[in-house]
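One letter stands for each residue in the lines below.
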Amino acid sequence: MKYHIHTYGCQMNVRESEAVAALLEAAGHVRAAGEAEAEILIVNSCTVRDMAERKAIGKCGNLCALKRDGRNWKGLPIVGLIGCAVTRLGEKVFDQLPHLDFAVGSRRYGLIPALVNRAAMGETRMLEISGPDEIPTGLDAHPQGLPAEGAPDVNFQAFVTILLGCDNRCSYCIVPDVRGHEYSRPAREVVEEVRGLVGRGVKEVCLLGQSVLRYGLRNKAWTADDAPSPGGYTEAFPRLLESLAAIPGLERIRFTSAHPKGCTDELVRAYREFPQVCRHLHLPVQSGSDRVLAEMGRHYTRAEYLAAVTKLRAFDPEFAVTTDVIVGYPGETTEDFEATRSLMDEAGFDNAFVFKYSPRPGTRSAALPDDVSTAEKERRDQVLLADQEVRGQARNEKLVGTVREVLVEGPSPRNPARWSGRDSGNRIVVFTPCEGIIKGQRVQVKITSARPQTLLGELA
Ligand code: SAH
Ligand code: SF4
């Protein structure tokens, strides 16, 4: 059958949708050219904010409506909802989506091909939700459709999930409830997966987890059978970087997201020793006010956060640091907000994502009054975004005149006469001329001008 997957939310979801696609293909299904011709329709949902969940459920409702109207004699399409909203809603998902064939929470994606078969036999309203400690299934599947190495259109970037779940329990966050406890995939499994990807033309991997620097803390990622780290690394994450950096042909290693507690000297040593490890860290700060940080349960102070940034920039002044910020947390005063503003300036973020606080049922902060008005959240959001435009411009201008090593991603979406790629700091670099350039090629670009979120230049 032909399938189509619609994905909401984070990179973890993007990766999981890809794994589900690979599982469906292994079971004999094929990718549909578009939603309209699909016989299996899957929505991968997000629930981190209320609006995200509504969008996913709304989309799935529209797809179920197609089904109710009876698109063909078999009653197709089969419609499934997967991901974080399923775990949050449980059985209640069928109150909102009565015509849903299956609903699967994270960690049980390995069951999806079997559920599709059962749905094809007429079964409906099937629900699969894991416990918080379940070992996931199906996560290592990658689409086989990657072209051979050297082909002009190699898909050279891949996501690899290394850490599932989260044990941090920040007061506002529903992720630990819907993605369970931390589970670090065994290092050997991760290294094998990356080796396989590189063999199929992948040059850049991005390692995924809610808090990747906590890799191997809760459950051991290395067993007694694994050889000790040649470089003497004792922390599991830097040691994983060391093993991946030893894979020939792997040119870049990225990872996201990180918590400042994990910015250890060993991590900085790994950045220094392994040129493949990209000089960019997504380090969500959430707030610049110590009072709010304590209420959020983030386990660091403003000063500790800034010390982590200073450490990275001391090692490399061009090191790119990006962040997430929440505005309008319960009780956030104007002073708290101004503290966030000033922290963002001190940290000199290269990019920032700002989120308006949204209470999530069952989290600690949901018990507090959501007392910052929508208009005020919007105002704070706009202020931070405007600040970031100015800051991004200033930071990028400092790079004018430098030569950046860029891994080419393809024609620039805005102007196909130019091509674009990213530098080690994950900055988008748009360049000309582009005759004869191919995707995945490594080029040197001399930067001639800067915009808040983009660098422009010429091939050096
Ligand atoms: N694990 C990542 C974050 C995952 S959620 C980390 O901690 O680094 C992505 C972002 O969504 C968070 O960084 C936070 O800024 C935002 N977020 C999470 N819960 C939220 C809520 N209830 N309201 C608004 N934003 C939220
Ligand atoms: Fe949520 Fe905090 Fe875990 Fe990130 S670290 S997923 S914000 S609980």
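In short, a report on the structure. (Residues numbered from 1 in each chain as written. Chains lettered and ligands numbered in written order. Predicted model: local features only at pLDDT ≥ 70, side-chain atom pairs only at ≥ 80, totals over all residues. Heavy atoms only, no water.)

1. What to know about the overall build of the protein
Looking only at helices and strands, the protein features 13 helices and 19 strands. Expressed as lengths along the three principal axes of its C-alpha atoms, the size of the protein is roughly 65 × 55 × 55 Å. In the protein, of all internal contacts separated by at least 6 residues, the share reaching a separation of at least 24 is 72%. Looking at the protein as shown, the accessible area adds up to about 19400 Å², and 53% of this sits on carbon and sulfur atoms. (Helix = DSSP H or I, 4+ residues; strand = E, 2+ residues; numbered from the N terminus. Contact = heavy atoms within 4.5 Å. Areas by Shrake-Rupley, 256 points an atom, 1.4 Å probe, with all protein chains shown as cover.)

2. Some words on the pattern of salt bridges
Going through the model one piece at a time under the given rule, you end up with 46 salt bridges. Residue E53 pairs with R88 through a salt bridge whose shortest N-O separation is 2.7 Å. With E53 in helix α2 (residues 50–68) and R88 in helix α3 (residues 84–89), this pair connects stretches of sequence that are 35 residues apart. Here R88 falls in the partly exposed class, since its relative accessible area comes to 25%. A salt bridge links R188 to D226; the nearest nitrogen and oxygen atoms lie 3.0 Å apart. Here D226 lies in the loop between β10 (204–208) and α8 (236–245) and R188 lies in helix α7 (residues 187–199), a separation of 38 residues in the sequence. Overall, the relative accessible area of 46% leaves R188 in the partly exposed class. (Salt bridge = Lys/Arg side-chain N within 4 Å of Asp/Glu carboxyl O. Buried < 20%, exposed > 50% of the residue type's maximum accessible area, 1.4 Å probe, protein only.)

3. Quick word on the sheet that holds strand β3 (residues 40–45)
Strand order in the open sheet made by the 6 strands is β2-β1-β3-β4-β5-β6, with parallel pairing throughout. If you trace the sheet from one side to the other, it starts and ends with β2 (30–31) and β6 (126–128), each paired once. Relative to strand β5 (residues 102–104), strand β4 (residues 78–83) runs parallel, the two being bridged by 3 bridges. Bridged to G80 within β5 is F102. (Pairing = 2+ DSSP bridges.)

4. Observations concerning the environment of T333
Assignment of secondary structure puts T333 in the loop between β13 (320–327) and α12 (334–347). T333 has contacts with R291 and R380, leaving out every residue within four places of it along the chain.

5. A few points about the packing of aromatic side chains
Under the criterion given, the structure shown has 9 aromatic pairs. Taken together, a centroid distance of 6.0 Å and an interplanar angle of 40° make the contact between F255 and Y271 tilted. Of this pair, F255 sits in strand β11 (residues 252–256) while Y271 sits in helix α9 (residues 265–273), and the two are 16 residues apart along the sequence. You can call F255 buried: its relative accessible area is 4%. Aromatic rings pair up to connect F237, F255, Y271, F315 and F319 into one cluster. When the ring centre of W222 is taken as reference, the NZ or CZ atom of R239 above it lies at 4.1 Å. Lying over the aromatic face of Y233, R269 brings its terminal NZ or CZ to 3.9 Å of the ring centre. (Phe/Tyr/Trp six-rings, centres within 6.5 Å; stacked < 30°, edge-to-face > 60°. Lys NZ or Arg CZ within 6 Å of the ring centre and 35° of its normal.)

6. Brief notes about the pairing of β4
When you tally the buried positions in β4, you get 6 out of 6 residues, the bulk of the element. Across 6 bridges, β3 lies against β4 in parallel orientation. Note on β4: the bridge partner recorded for N44 is I82.

7. As for the side chain of N13
Within the secondary structure layout, N13 lies in helix α1 (residues 11–26). A relative accessible area of 1% means that N13 is categorised as buried. A distance of 2.9 Å separates a polar atom in the side chain of N13 from the backbone oxygen of S45. Those residues within four positions of N13 in sequence are excluded, and the remaining contacts are T7, Y8, N44, S45, C46 and R179. (Polar contact = N/O pair within 3.5 Å; in protein donor to acceptor, adjacent residues only side chain to side chain.)

8. Examining the packing of α8 against α9
Close contact between α8 and α9 brings their axes to 9 Å; oriented N to C, the two are set at 15°. On the basis of their axis angle, the class for α8 and α9 is roughly parallel. When you trace α8 past α9, the crossing you get is left-handed. Between α8 and α9, the contacting residues are F237, P238 and L241 on the first element and E266, L267 and A270 on the second. In terms of residue class, the contact of α8 with α9 is built from 5 nonpolar, no polar and 1 charged. (Axes fitted to C-alpha atoms, helices over the stretch in contact; angles between N-to-C directions. Parallel < 35°, antiparallel > 145°, perpendicular 65-115°, else oblique. Left-handed = near helix turned anticlockwise from the far one by under 90°. Nonpolar A, V, L, I, M, F, W, Y, C, P; charged D, E, K, R; others polar.)

9. Observations concerning the site of ligand 1
Around ligand 1, the structure places 15 residues, and the nearest of them are R49, Q210, Q286, D324 and S358. One nitrogen or oxygen atom from the main chain of Y172 is found 3.0 Å from a nitrogen atom belonging to ligand 1. Breaking the shell around ligand 1 down by element, the ones donating at least two residues are β13 and β14 (351–356). Split into classes, the residues belonging to the shell around ligand 1 amount to 6 nonpolar, 4 polar and 5 charged. (Near = heavy atom within 4 Å.)

10. Quick word on the nonpolar core
Among the nonpolar cores identified, the biggest contains 61 residues, and I162, L207, Y215, F237, L240 and F255 are the most heavily contacted of them. Y215 has contacts with I162, L163, S184, R185, P186, A187, V190, A221, W222, A236, F237 and L240, leaving out every residue within four places of it along the chain. (Core = buried A, V, L, I, M, F, W, Y, C linked by side-chain atoms within 4.5 Å.)

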